[in-house]
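Now for the letters of each chain:
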Amino acid sequence: MSDNRISGIPVVDEAGKMVDLFTDGDIFALSTLDLQTSVASALQQARGEDSEACPFCSKTDSLSKVVSTFSTTRSTRLACCNADGVLEGVITLTDLFKFLMAA
């Protein structure tokens, strides 16, 4: 992941609906990494039982709502999903800062 400057991999179900985001932080939190472990088990081990899935937004959300979601969730990335919950992209804090600096 680091060789390609990727810090998160979206996890989707069979229908392409967003389930979660497996991040570099999740990998760092794992005490031992068994490559045969399912992603669901790895996320549970890294985050604990009560963890919430990756926060998300939609293309129709206002910039104000996106900023608010980043702020309240303290996440560095948001999954952008359509009305059916299908992943359309991932917005990072870096993306947001670049957009605001260019405006």
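Let us look at the structure shown here.

Rules used throughout
Residues numbered from 1 in each chain as written. Predicted model: local features only at pLDDT ≥ 70, side-chain atom pairs only at ≥ 80, totals over all residues. Heavy atoms only, no water. Salt bridge = Lys/Arg side-chain N within 4 Å of Asp/Glu carboxyl O. Helix = DSSP H or I, 4+ residues; strand = E, 2+ residues; numbered from the N terminus. Buried < 20%, exposed > 50% of the residue type's maximum accessible area, 1.4 Å probe, protein only. Pairing = 2+ DSSP bridges. Contact = heavy atoms within 4.5 Å. Axes fitted to C-alpha atoms, helices over the stretch in contact; angles between N-to-C directions. Patch = residues over 30% accessible without salt bridge, like charges linked within 9 Å, V, L, I, M, F, W, Y side chains within 5 Å. Areas by Shrake-Rupley, 256 points an atom, 1.4 Å probe, with all protein chains shown as cover.

**A few points about the pattern of salt bridges**
Next up, step 1: One pass over the structure, following the stated rule, counts two salt bridges.
Next up, step 2: The salt bridge involving Lys59 is made with Glu88; its shortest N-O contact spans 3.8 Å. Of the two residues, Lys59 is situated in the loop between β3 (56-57) and α3 (63-73) and Glu88 in strand β5 (residues 87-92); the sequence distance between them amounts to 29 residues.
Next up, step 3: Put simply, Asp61 and Lys65 hold a salt bridge, and the shortest N to O gap is 3.7 Å.
Next up, step 4: Accessibility expressed as a relative area gives 45% for Lys65, which makes it partly exposed.

**Thoughts on the sheet that holds β3**
Next up, step 1: Read across the sheet, three strands follow the order β3-β4-β5 without closing on themselves; strand pairing throughout is mixed. Strand pairing shows two members of the sheet lacking a second neighbour, β3 and β5, which therefore form its edges.
Next up, step 2: Note: β3 against strand β4 (residues 77-81), two bridges, orientation parallel. Bridging from a neighbouring strand, Cys57 pairs with Cys80 of β4.
Next up, step 3: Its contacts with the sheet put α3 on β3, β4 and β5, and the angle it makes with β4 is roughly 135°.

**Looking at a nonpolar patch on the surface**
Next up, step 1: Where nonpolar side chains cluster on the molecular surface, the patch consists of Leu63, Val67, Phe97, Phe99 and Leu100 and spans about 460 Å² of accessible area.
Next up, step 2: Secondary structure elements with two or more residues in the nonpolar patch: α3 and α4 (93-102).
Next up, step 3: No other element matches the three residues that α4 contributes to the nonpolar patch.
Next up, step 4: By the element assignment, Leu100 lies in helix α4.

Any functional reading would require information beyond the geometric quantities listed.
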